[in-house]
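Now for the letters of each chain:
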Amino acid sequence: TGKEHWYSLAKQDLNFALNNKIVNSVAKNIIFFLGDGMGITVNTAGRIFKGQKKGVSGEEECLVWENFPNSAFSKTYNVDKQVPDSAATATAYFSGVKANYYTVGVTAAVKMGDCKASLVKENRVETVLKWAQDAGKETGIVTTTRITHATPAALYAHSSQREWECNTDLVNETKFNVTGCKDIARQLVEDEPGKTVNVILAGGRRQMGSSLPGDTGSCLRSDNLNLVENWLAEKRNNGHSAVYVTNNKEMEEINVDTSDYIMGLFAGSHLPYSYERNKGPNGTPSLKDLTKLAIRRLQRSSKGYFLMVEGGRIDHGLHDTRTHTSLEELLDLDEAVEEAIRTTNAEETLIIVTADHSHVMTMNGYPDRGNDILGQTSYEFVTDGLPYTTLMFTNGIGANYTWDGEKARKLS
């Protein structure tokens, strides 16, 4: 392509920047999107993957947030770790206070597992969720993980161990003294600011004591508490309308104009990966659908709202070195952000998209333009002369395998 093509693209970018309207007023609404584990390499691969799914080479494609008028980098670390985890990072970006590894909603005065320190009021932090509620705004949490998982938990809970999601985790704890500590699920339903959240859409029925037949996953409650029933009873006893749903059909039947509180728990543990999702009436909604519902409900608020939306399973796919799975999850988040832009007013709604940490996925060598981002490439200076995948992991389940030209071979 000639030079005029590139000059034209440069002019388009300059005109976009120069003509971008600066909004100086205070945002009435805030939607905070979190791509868990969605670092720079994942963004690059996701951009190419998005384009290649459209049938083009992919490199010229853009994720929705890459067209935002403002962008920045952030440093991610825990007080006690160079590489952070999702609980302490969520504490940092929701409260402005950095914390220790595996702790949630507490300051760095609390080490992992120090239950006693986490109960001290001065060691607990308030988050943007609480600040929004104090300002009279309505609030919502949407995630593809369990509602008690690290990122959503940081909005409402205070715990020295992110894995204390239900009472059974505390009962089975042998390493730390847990006297006086409350599991994260109970904190959501029984304590402020969790109990005041208007929209909760996630997974984690087992943690909430509301399992359905076939539910699997971590931490089945052993205290016979059904926290969903308790949540419904508390809302209705205080004169509010509340609805609880578990699948696509029930969600579609919600009347957002008459429902003060909405809780949807769509899996025993995390929501299924997007490519595994059952799209039928008894199936699981997409992140886009969940985001759409939350916005429709929260837009009723005269004073505005705060909504957190997490693409949490991007991270899980990367932990399992499942590149294709993770990139599909990233594109689900891309669609959810696009939906939010389409259905909100930029004059009064601030939309933020960020990640909490990165992963060890690397993009290798010099693959040709348009090469399948999930495929193999080769390079003349590779000493063994064998092809290799463009995307690789330096640790994790798939890190100890190599390609011998015919099949995967595990390294010794």
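Please read these numbers as outputs of a predicted model, since none were measured by experiment.

Participant: Explain the packing of aromatic side chains here, please?
Facilitator: Describing an aromatic ring pair means giving the distance of the ring centres and the angle of the ring planes. Taken as a whole and judged by the stated rule, the model has eight aromatic pairs. Seen in terms of ring centroids, Tyr 93 and Phe 94 are 4.6 Å apart; in terms of plane orientation they differ by 75°. Their pairing is edge-to-face. The class of Phe 94 is buried, set by a relative accessible area of 1%. On the basis of an interplanar angle of 35° and a centroid distance of 4.7 Å, the ring pair of Tyr 101 and Tyr 102 is categorised as tilted. Owing to a relative accessible area of 28%, Tyr 101 belongs among the partly exposed residues under this scheme. On the basis of relative accessible area, Tyr 102 is assigned to the buried category, the value being 17%. Linked through ring pairs, Phe 32, Tyr 93 and Phe 94 together constitute an aromatic cluster. Over the ring of Tyr 101 we find Lys 81, and its NZ or CZ is 4.9 Å from the ring centre. Residue placement shows Arg 162 over the ring face of Tyr 102; its charged tip is 4.9 Å from the ring centre.

Participant: Just to check I follow, could you spell out helix H9 (residues 227-237) for this structure?
Facilitator: Of the residues making up H9, those classed as buried are Leu 227, Val 228, Trp 231, Leu 232 and Lys 235. For H9, the angular spread of buried residues about the axis comes to 140°, placing them on one side. For H9, the exposed residues set more than 90 degrees away from the buried face come down to Glu 229 and Asn 237. The inward-facing, buried residues of H9 contact helix H8 (184-190), strand E3 (199-203), strand E4 (242-245) and strand E5 (261-265). In the segment just after H9, Gly 239 is the residue with positive phi, at about 80°.

Participant: Teacher, can you tell me more about the sheet that holds strand E1 (residues 29-35) here?
Facilitator: Two strands in a sheet stick together by hydrogen bonds in their backbones, pointing the same way (parallel) or opposite ways (antiparallel). Spatially, seven strands are ordered E4-E5-E3-E2-E6-E1-E7 in an open sheet, and the strand pairing comes out parallel. With partners counted over all chains shown, the strands left at the sheet margins are E4 and strand E7 (349-355), one partner each. Across the sheet, the mean angle separating the axes of adjacent strands is 10° when strand polarity is ignored. By the bridge criterion, six bridges tie strand E2 (residues 138-146) to strand E6 (residues 305-311) in an arrangement that is parallel.

Participant: When you look at the side chain of Ser 160 in this model, what are you seeing that I'm missing?
Facilitator: One can find Ser 160 in the loop between helix H6 (150-156) and helix H7 (167-171). A polar contact of 3.4 Å, which involves the side chain of Ser 160, links it to the backbone nitrogen of Cys 115. When sequence neighbours within four positions are dropped, the list of residues in contact with Ser 160 reads Tyr 102, Thr 103, Val 110, Lys 111, Met 112, Gly 113, Asp 114, Cys 115 and Ser 118.

Participant: What should I look at first to understand the pattern of salt bridges in this one?
Facilitator: Any two side chains of opposite charge can pair, on the condition that their charged atoms come close. Throughout the structure, instances matching the rule amount to 24 salt bridges. Residue Glu 328 is joined to Lys 53 by a salt bridge in which the shortest nitrogen-to-oxygen separation is 3.0 Å. One end of the pair, Glu 328, is in helix H13 (residues 323-343); the other, Lys 53, is in helix H2 (residues 40-53), and 275 residues separate them in sequence. Residue Arg 205 pairs with Asp 215 through a salt bridge whose shortest N-O separation is 2.7 Å. Of this pair, Arg 205 sits in the loop between E3 and H9 while Asp 215 sits in the loop between E3 and H9, and the two are 10 residues apart along the sequence. Owing to a relative accessible area of 6%, Arg 205 belongs among the buried residues under this scheme.

Participant: Please clarify how a nonpolar patch on the surface should be interpreted in this entry.
Facilitator: On the surface, Tyr 366, Tyr 379 and Phe 381 cluster together into a nonpolar patch covering about 380 Å² of accessible area. Looking at the secondary structure, you find Tyr 366 in the loop between strand E8 (361-363) and strand E9 (376-377).

Participant: Help me out: how do you make sense of the UniProt feature "binding site: Zn(2+)" (unreviewed entry) in the protein chain in this one?
Facilitator: The positions that UniProt labels "binding site: Zn(2+)" (unreviewed entry) are, in the present scheme, Asp 36, Asp 315, His 319, Asp 356 and His 357. A stretch of 322 residues holds the annotated residues, and the largest C-alpha distance among them is 14.3 Å, short enough that they meet in one place. As for its placement among the helices and strands, Asp 315 is situated in helix H12 (residues 313-319). Contacts of Asp 315, omitting those with residues within four sequence positions, involve Asp 36, Gly 37, His 357 and His 359. Tracing the backbone through its elements, the reader meets Asp 356 in the loop between E7 and E8.

Participant: Please clarify how the UniProt feature "active site" (unreviewed entry) in the protein chain should be interpreted in this entry.
Facilitator: The UniProt record marks Ser 86 with the feature "active site" (unreviewed entry), using the residue numbering of this structure. Among the secondary structure elements, Ser 86 is positioned in helix H3 (residues 86-95). In this view, Ser 86 contacts Asp 36, Ala 150, Thr 151, Arg 162, Asp 356 and His 357; residues no more than four positions away in its chain are not counted. In terms of polar contacts, Ser 86 uses its side chain to reach the side chain of Asp 356, at 3.0 Å.

The rules we used
- Residues numbered from 1 in each chain as written.
- Predicted model: local features only at pLDDT ≥ 70, side-chain atom pairs only at ≥ 80, totals over all residues.
- Heavy atoms only, no water.
- Phe/Tyr/Trp six-rings, centres within 6.5 Å; stacked < 30°, edge-to-face > 60°.
- Buried < 20%, exposed > 50% of the residue type's maximum accessible area, 1.4 Å probe, protein only.
- Lys NZ or Arg CZ within 6 Å of the ring centre and 35° of its normal.
- Helix = DSSP H or I, 4+ residues; strand = E, 2+ residues; numbered from the N terminus.
- Arc of directions from axis to C-beta.
- Contact = heavy atoms within 4.5 Å.
- Pairing = 2+ DSSP bridges.
- Axes fitted to C-alpha atoms, helices over the stretch in contact; angles between N-to-C directions.
- Polar contact = N/O pair within 3.5 Å; in protein donor to acceptor, adjacent residues only side chain to side chain.
- Salt bridge = Lys/Arg side-chain N within 4 Å of Asp/Glu carboxyl O.
- Patch = residues over 30% accessible without salt bridge, like charges linked within 9 Å, V, L, I, M, F, W, Y side chains within 5 Å.
- Areas by Shrake-Rupley, 256 points an atom, 1.4 Å probe, with all protein chains shown as cover.
- UniProt positions renumbered as here; feature names shortened; annotations may be inferred.

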